[in-house]
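# Results of the structural survey
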Protein chains: 2
Amino acid sequence: MAKPSIPKGTRDFSPVEMAKRNYIFNTIRDVYALYGFRQIETPAMENLSTLMGKYGEEGDKLLFKILNSGDFMSKTTLAELEEHNVGHLAAKFCEKGLRYDLTVPFARFVVQHREELQMPFKRYQIQPVWRADRPQKGRYREFYQCDADVVGSDSLLNEVELMQIIDEVFHRFGIRVDIKINNRKILSGIAEVIGEAEKIVDITVAIDKLDKIGLDNVNAELLANGLTQEAVEKLQPIISLSGTNAEKIATMREVLADSEVGLKGVAEVEFVLNNLGELVNQIDLDLTLARGLNYYTGCIFEVKALDVEIGSITGGGRYDNLTGIFGMPGLSGVGISFGADRIYDVLNQLELYPEDTAQGAQLLFINFGEQEAAYCLSLARQTRAAGISTEVYPDSVKMKKQMSYANAQQIPFVALCGETEMQEKKVALKNMLTGEQTSLTVEELIEKIR
Amino acid sequence: MAKPSIPKGTRDFSPVEMAKRNYIFNTIRDVYALYGFRQIETPAMENLSTLMGKYGEEGDKLLFKILNSGDFMSKTTLAELEEHNVGHLAAKFCEKGLRYDLTVPFARFVVQHREELQMPFKRYQIQPVWRADRPQKGRYREFYQCDADVVGSDSLLNEVELMQIIDEVFHRFGIRVDIKINNRKILSGIAEVIGEAEKIVDITVAIDKLDKIGLDNVNAELLANGLTQEAVEKLQPIISLSGTNAEKIATMREVLADSEVGLKGVAEVEFVLNNLGELVNQIDLDLTLARGLNYYTGCIFEVKALDVEIGSITGGGRYDNLTGIFGMPGLSGVGISFGADRIYDVLNQLELYPEDTAQGAQLLFINFGEQEAAYCLSLARQTRAAGISTEVYPDSVKMKKQMSYANAQQIPFVALCGETEMQEKKVALKNMLTGEQTSLTVEELIEKIR
C-alpha cells in the first residue's frame, strides 16, 4: 500500500513546529489585545458570490471552489456540458468557495452585522486562507493570515497605533526591521503634478517594483505604459529622494504645492510621524512604497526584516470604501496583516525562538512496573495540581527506551521511583541537562521544578 | 443590493462569542498540555483517497469535495457526462475534500510520519471539521473538534489518564457530569455467552439506543435483527444490571465466566477503575454504553452533563487498528474528543463563564481633542508597557458616544484627561461599575488597575 500523502502546497505541523507557530500567533494576539482589538472568526467557506470579482480575474481562478452536495449537475443542460466552458460550469456546480484572504470576509462581516456593531470596530482575526497558486518554496496553498483592522473611524490615531503594534510585535520577536510608510494621496499628487493623473495605477504598479527590478526597468515600464519622457524625468528626483523624514516632507510639500490631494497626503504622514514618539526614528518615509492592492487610499505601511533576505513580512494601509462592494459605502478603515509563515522562516533562520519553545512536559515519571506506576500516578496528581506538566510513561519497558523518550520530548526532569523510594515516600529526581540526581519528597520536587 | 450572507450551517463568531470559545479551547488545551500531550495540526484539505470509504457510505456523501483547479473536465468523456452518475463524476472532477473529523487525518499523519515519531505518541488537535449534513439546531456544517490520542502504547494507564483529563476539564468548567465507562470486549463476551457472537454489531447498535428508545424498543430491534427470543431474554439481566461498580464487576465476572474475551474486558475496566484514585466514585460502569463507532475494541467512555438536556458532550475509547487502513497494522491507540459546540451551549445555559470573559480592554482614554489625545497616547504607552490592555478613543466626538462605546465593550475603567489633568500631569480615572472618579498619576492608575 502506498504511503498516504497530503495535497501539494499543504503542510502537517509537528508538535515542535506547532509550538513555534503558537509562539508567533500568541505574540501577535497578545499585542493586538493590549491595544484593545478583539477577535472574530468567519467560516472557512463563503458564498462564491461574496468572493468572486474581489481579487481580479487571476484571483477568481485561484479560488478553491466546493462542489455542491447531492446532484450538483441537476441544473445543467447537456448542451452546457458539451460547450465545455469551464468557468461557466464551475459556477453551476459550485455555490461555495474557501476564503482567499481575511479582508473580504471581514468586509462581508461588517456589512452583515452592521446593526450589532459599535463603531469604531477594532477586530483582529487569525485564520488560514486558501489559494490555488502554483506551490513553490515559501508559497503554500493553505497559510495563515493575522489581520487587525479598525473600521468606522477616520482618525489618523489609528494609523499611529497600528505602527506601534508593528513595532511592539517585532520588538517582542527580537527581529530587527525596517518599517516603511507612505501615502497613496502623495502618489496621486505626484501623478497629478507630472501631468499624468489618469495613469496613477500604472505609476504605482511600476514604482512598487523598484526594489526588485531597479530604476532603469521601472522607467522603461513607465514609458511602455504611455507616460511621456518629460513626465518620467519629472519623476526621477521624487523616486530618488533621500534624507531624513523631515527633509523628505519639506521637499514633498514644495513639489506638491499645486496638488491638493498630494498636500493632504503629506499632512497625513506628518501627523502620524509626529504622534509616534520615540518610535519615529525607526520609521522610514519611502515615496516609492506603493503596495499592490488598489483599495488603499491613504497611509500605507510595509515591513522588511533587516537580517534575512525575504519579501515583506507585514503590510497594511487605509482604505476608504472596502464595504462599498457589499452595498455599504462611506465606511473608512485601516488595517495591517502579519505574514506568519515568513516570520516563521525569519525566526528559524535567526534562531530567535525562546529556549523552551520545543520543550514537551516538564517532568516524566519512569515506569518500573504496576506497583511503582500506581505510586507515580498518585504523585503525578500532585505535580499536575501544582501546575507542572507531567507524564507517567505508560509502559514498563526498558529504562533506556524511556530515557530516550524523555530526550526526544526535551523533558528537563525525570523522576525515578523504585521500591526504596516508595518505602521512603520519596522520588529520585534527575536533571536531564546536568545529570544531577537528588532524592526528594514530592513537595520538594514541586518546589524545585517551579 | 442584498445583504451579504454566509453558507447555511456555518457561523460568524463575534468578539464576545470568540472570548467564550477561547475560554473553552484554552481550558481543554491547558489540561491536555498538563498531561504532556502535544499539539499538531493537519491541512483542512486532504486527498479524497484518504477520506473516502472511512466513514461509511453515508459519510462519503457528507464529504465536502473541492473542484480541481483549471480544466476540471479535461479527463471526462462526453459519454460519462451524459451518463450523469453523480458519484463517478464528482470523483473525476475532485481530488481533494475537506476533513470530516480529526481521527482519520491523525491516522494518516501517524503513518506518513512514522519514521519521525517517537512512540508512544501523545498528540492533541483542535481544529474545525466540515460535514455536508442537513443543518439544524445545534448541528453545523463547520464545527470544532478537540481530540487527544495516545498511539503506540497498549497500557491501560493511558485510559486512566484520559479519564482524569475528562474529570479535570469539566471540573475547571464547573459542569457537573456523568462519566460512563464500558468495554467493547465485555460486549463481545455478552454476545458470546448468549450464543450470538456473530451478531455483536447489531447488539451494540441496538443497546446503544437504550437511552433514546427504551428497553422494549431495543428488544424489538434485537428480535428484528434475528436474535432468538432466548438470547434476548438472556440479555435482560445484563442490560438492567444495577449496583455499585464493584458489584457489577463481580456479577459480570460470573456471567462471562465462559468467555475469554469477556473476562479480559472485565479485567481491563477493573484495572482502570482501581487506578483512578478518589475519582473512581464519579465514574459509572454502564454495560449498555456501546458508542456507535465500529473501530473501538477496548474501553469506551462517554460524558453527559447532569444539569442540561443535551446529548453526549465528550466521548472516546481504545482502538486496536486505526492505522491499518493506511497499511500500518498493529498500532494500538486510545483517544477522547470534547464536543466544543455542545459544551458552549451547556456553559451558556448554566451561565458558567468567568465574569470577565466578555470584557474588552481594561482602560479607555476619552478623546477631548488633538492636544489631549497626544497626551493620552503617551500615557497609553505606559499603561500598555505595564500590561494593561488600553484603548485611546480615536475620534474627538461627543463624550456620550465615547462612554457608550466603553459600556458596549464592557471596559471597566475610563480615563479622562482635560487641560487641568494635563497641567497637573494627572488622570481622572472613572470606575465604570461604581461610578467612582479619582485623580491619579499614571503610576497610581497602573497600580490601581493591576
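Residues numbered from 1 in each chain as written. Chains lettered and ligands numbered in written order. Predicted model: local features only at pLDDT ≥ 70, side-chain atom pairs only at ≥ 80, totals over all residues. Heavy atoms only, no water.

## A closer look at the overall build of chain A
Across its full length, chain A carries 18 helices and 16 strands. For 450 residues, the compact-globule formula gives about 22 Å, and the C-alpha radius of gyration of chain A, at 28 Å, lies well above that figure. Here chain A, with 450 residues, has 58% of them falling under the buried criterion. Long-range contacts, defined as pairs at least 24 residues apart, comprise 68% of the intrachain contacts of chain A with a sequence gap of at least 6. Taken as a whole, chain A presents about 18,900 Å² of accessible surface, with 48% of it coming from carbon and sulfur. Across chain A, 49 positive and 65 negative side-chain charges occur, with their mean positions spaced 5 Å apart. (Helix = DSSP H or I, 4+ residues; strand = E, 2+ residues; numbered from the N terminus. Rg over C-alpha atoms; globule rule 2.2 N^0.38 Å. Buried < 20%, exposed > 50% of the residue type's maximum accessible area, 1.4 Å probe, protein only. Contact = heavy atoms within 4.5 Å. Areas by Shrake-Rupley, 256 points an atom, 1.4 Å probe, with all protein chains shown as cover. Lys, Arg positive; Asp, Glu negative; His and termini not counted. Charge placed at Lys NZ, Arg CZ, Asp CG, Glu CD.)

## A few points about the environment of L364(B)
All names here are of chain B. Mapped onto the elements of the fold, L364 is located in strand β12 (residues 363-365). The spacing of L364 and P412 is 48 residues in sequence and 8.5 Å in space, taken between C-alpha atoms. Each residue touching L364, except ones within four places of it in the same chain, is listed here: E391, V392, Y393, Q402, Y405, A406, I411, F413, V414 and A415.

## So, the sheet that holds strand β5 (residues 121-130) of chain A
All names here are of chain A. What the 8 strands build is an open sheet, ordered β1-β5-β6-β11-β10-β9-β7-β8; its pairing is mixed. Since the sheet does not close on itself, it has two edges, and those belong to β1 (38-39) and β8 (283-285), each with one partner. Where strand β6 (residues 142-151) lies against strand β11 (residues 333-338), 6 bridges are found, and the strand directions are antiparallel. Bridge pairing in β11 links V151 to G333. Here helix α7 (residues 157-173) sits on the sheet and contacts β5, β6, β7 (177-183), β8, β9 (296-305), β10 (314-319) and β11; the angle it forms with β11, its principal contact strand, is near 10 degrees. (Pairing = 2+ DSSP bridges. Axes fitted to C-alpha atoms, helices over the stretch in contact; angles between N-to-C directions.)

## Quick word on the environment of V110(B)
Topologically, V110(B) is positioned in helix α6 (residues 103-112). Not counting chain neighbours up to four residues away, the residues in contact with V110(B) comprise L117(B), M119(B), F121(B), V151(B), T323(B), M328(B) and L331(B).

## A short note on the UniProt feature "binding site: L-histidine" (unreviewed entry) in chain A
Residues and elements named next belong to chain A. Mapped onto this numbering, the UniProt entry annotates "binding site: L-histidine" (unreviewed entry) at D101, L102, T103, R131, Q145, D149, R291, Y295 and Y296. In this fold, T103 is placed in helix α6 (residues 103-112). Residue T103 is classed as buried on the basis of its relative accessible area of 12%. Checked against the element boundaries, D149 lands in strand β6. Among residues more than four places away in sequence, those in contact with D149 are F37, F106, F121, K122, R123, Y319, V334 and G335. (UniProt positions renumbered as here; feature names shortened; annotations may be inferred.)

## So, the pattern of salt bridges
Considering all chains together, one arrives at 48 salt bridges over all chains under this definition. E391(A) serves as the salt-bridge partner of K122(B), at 3.1 Å between the closest nitrogen and oxygen. Of this pair, K122(B) sits in strand β5 (residues 121-130) while E391(A) sits in strand β13 (residues 390-392), which puts the two residues in different chains. A relative accessible area of 2% means that E391(A) is categorised as buried. (Salt bridge = Lys/Arg side-chain N within 4 Å of Asp/Glu carboxyl O.)

## So, the interface of chain A and chain B
Taken residue by residue, the interface counts 108 residues in chain A and 108 residues in chain B. Summing both partners gives a buried area of about 8,800 Å² for chain A against chain B, and 59% of it is carried by carbon and sulfur. Per-residue buried area on chain A facing chain B is highest for P4(A), R38(A) and R384(A); these three make up 8% of the total on that side. Taking the shortest distance from any N to any O, the salt bridge between R384(A) and E161(B) comes out at 2.9 Å. Here chain A is connected to chain B by 41 residue pairs in polar contact (both at pLDDT 80 or more). Classifying every residue of the side of chain A that touches chain B by side-chain character gives 53 nonpolar, 31 polar and 24 charged. (Buried area = accessible area lost by both parts, 1.4 Å probe. Polar contact = N/O pair within 3.5 Å; in protein donor to acceptor, adjacent residues only side chain to side chain. Nonpolar A, V, L, I, M, F, W, Y, C, P; charged D, E, K, R; others polar.)

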